There are 2 protein chains.
Amino acid sequence: MPKGIIENSENYQPGLSIDCVIFGFHDNQLKVLLIKTPYEEKWSLPGGFVPLEQDIDTAAITVLNDRTGMEGIFLRQFSTFGRVKRNDKHFNDLVLEYYKIPKEAGKWFAQRFVTIGYYALVDFLKAIPHKENSKEKIEWIDHKEVPELILDHKEILDKALATLRIELNLMPIGYNLLPEKFTMPELQKLYETILDKKLDRRNFLRKITNIGILTKLDEKKSNVAHKAPNLYSFDKDRYEEVLKNGLNQGW
Amino acid sequence: MPKGIIENSENYQPGLSIDCVIFGFHDNQLKVLLIKTPYEEKWSLPGGFVPLEQDIDTAAITVLNDRTGMEGIFLRQFSTFGRVKRNDKHFNDLVLEYYKIPKEAGKWFAQRFVTIGYYALVDFLKAIPHKENSKEKIEWIDHKEVPELILDHKEILDKALATLRIELNLMPIGYNLLPEKFTMPELQKLYETILDKKLDRRNFLRKITNIGILTKLDEKKSNVAHKAPNLYSFDKDRYEEVLKNGLNQGW
DNA sequence: ATTACATTGCGTCATAATAACACAGTTAAT
DNA sequence: ATTAACTGTGTTATTATGACGCAATGTAAT
């Protein structure tokens, strides 16, 4: 709940919210940043409202920045959710009481909300989960162990992941999810984790290098069991170019 | 302007609209259904507002149905547009006067609007453009000859077409754009028109038949110059199946 | 009727992309 | 020294794609 919105709801776009599915990658797990609601045993996606004088994309960037401290991140709008009854039971007395929202102001929150979904890919190690208040819990949670979420947030999360899986074929990823220097097995694990399936190591290498966005470094990973794998980095210029023009042409 | 909204704006989601990019195909042209605004020399996408008791998808179906008389059509949400100033100059005195909107009610229309974009593919011959009032003009216009549009509708239209081109690689199309029986050159022209590029006739046949959604009929097109081409129809079951599962797997 | 022409139907061939797999090199643990 | 687990660099078979060739069919011109 952003500061000041209760008293100044007239400065926000009515009935419209932003919800962000923030993906990170760690320990070969695809993580999602979730917030524990302080008033019940459910979790939620980090979200926010849209100030009247802010573009929706800017509002999404604000949510992401507030929650992770990160800027200049890959952030993409993927869908808008607007079932009539998606939030009709949400701002009930329990929640209003928790936030100490006066009955009159509560009407604003109880109105029907349509929410715009964005998903982000961020570097797990650089993104520090940031609480809005002391009673809140915000955590990286393995996407396979997502607890019960409020509203239709599970549906939003699932759609984000489905979109990401499709867009994996249309654009390169990894730049915001891996450290600057990374190994081929790490990159492959990222793909495998997102897609939830095994890929052939040798075919993966060929396909990913053919895209032409990787620079093979003259350096090997140190302190590692078994044979030390080579390190790679992204060629930022080519990466951006491919991001813009897309991968698969198809027809 | 839907009937009754001026007096009953409190029954609609504030600051939220739907805009539909309705594509049809005729004379080897990709057509878009556009509405001439009665108050100035610009055109607009068919759009509408979201009743409080309607899902956004339903509201989009309503817009499409009201404008084309068609139901059960391919309709897809592709993006939401929410720049702050996208409509700040739109509901000016000229427009308010035209619609005879009282100053007080006019505030509702002048507020900041976020719009959800849907695109539809419909059978040009079955979709009959339907006016809302006698002063309105609604027409199929070649997408290459789109006149000046109001607001950011050009941007919305462009994005719809870009999305359609991408989704062409992910799903089959044609079911809603061609008559029940059609020839291979007709189907190819559809693809060429959407993509705005020539495809090789023989390679197209191979690729499209390999998808397994076509039934080759024991019938040739009649009354046609040159050699009569064979007729095909879609195998609806397989078509739906491919629509659901997608075409290109990629990774 | 004959011929020219545009278009269709059904091929081929070379190349590129993909899937499946073989084998040797490196390192840590035993 | 041997083994297990992994990396690096291949090969081969299959499939998909891009670029064409050519005969068959029907219209239109002569």
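Thresholds applied
Residues numbered from 1 in each chain as written. Chains lettered and ligands numbered in written order. Predicted model: local features only at pLDDT ≥ 70, side-chain atom pairs only at ≥ 80, totals over all residues. Heavy atoms only, no water. 1 Å grid on protein atoms, 1.4 Å probe; cavity = no way out; pocket = protein on both sides within 12 Å on 5 of 7 lines; lining within 4 Å. Points joined across faces, edges and corners; volume = space filled by probe spheres on them. Helix = DSSP H or I, 4+ residues; strand = E, 2+ residues; numbered from the N terminus. Nonpolar A, V, L, I, M, F, W, Y, C, P; charged D, E, K, R; others polar. Buried < 20%, exposed > 50% of the residue type's maximum accessible area, 1.4 Å probe, protein only. Contact = heavy atoms within 4.5 Å. Least-squares fit on C-alpha atoms with pLDDT ≥ 70 in both.

As named in an unreviewed UniProt entry, chain A is NUDIX hydrolase, taken from Flavobacterium hercynium.

To locate leftover empty space, one rolls a probe as large as a water molecule over the atoms. All names here are of chain A. Computed from the structure, the second largest pocket encloses a volume of approximately 650 Å³. Lining the second largest pocket are 36 residues; nearest its centre among them are Met 1, Pro 2, Gly 47, Gly 48 and Phe 49. Contributions of two or more residues to the lining of the second largest pocket are made by β1 (12-26), β2 (29-36), β4 (47-51) and α1 (56-68). It is α1 that contributes the most residues to the lining of the second largest pocket, 5 residues altogether. Residue composition of the lining of the second largest pocket, grouped by class: 19 nonpolar, 10 polar and 7 charged.

With that settled, consider the side chain of Ser 79 of chain A. Mapped onto the secondary structure, Ser 79 of chain A falls in strand β5 (residues 74-81). Residue class for Ser 79 of chain A comes out buried when judged on its relative accessible area of 6%. With residues up to four places along the chain from it excluded, the contact list for Ser 79 of chain A reads Thr 115, Ile 116, Gly 117 and Lys 159 of chain A together with Gln 77 of chain B.

By a simple turn and slide, chain A fits onto chain B: the slide is 0.0 Å along the axis, the RMSD is 0.1 Å, and the turn is 180 degrees. Expressed as an axis order, the relation between the two copies is that of a two-fold axis. The overlap is high: 100% of the interface residues of chain A also sit at the interface in chain B, so the same surface is used on both sides.

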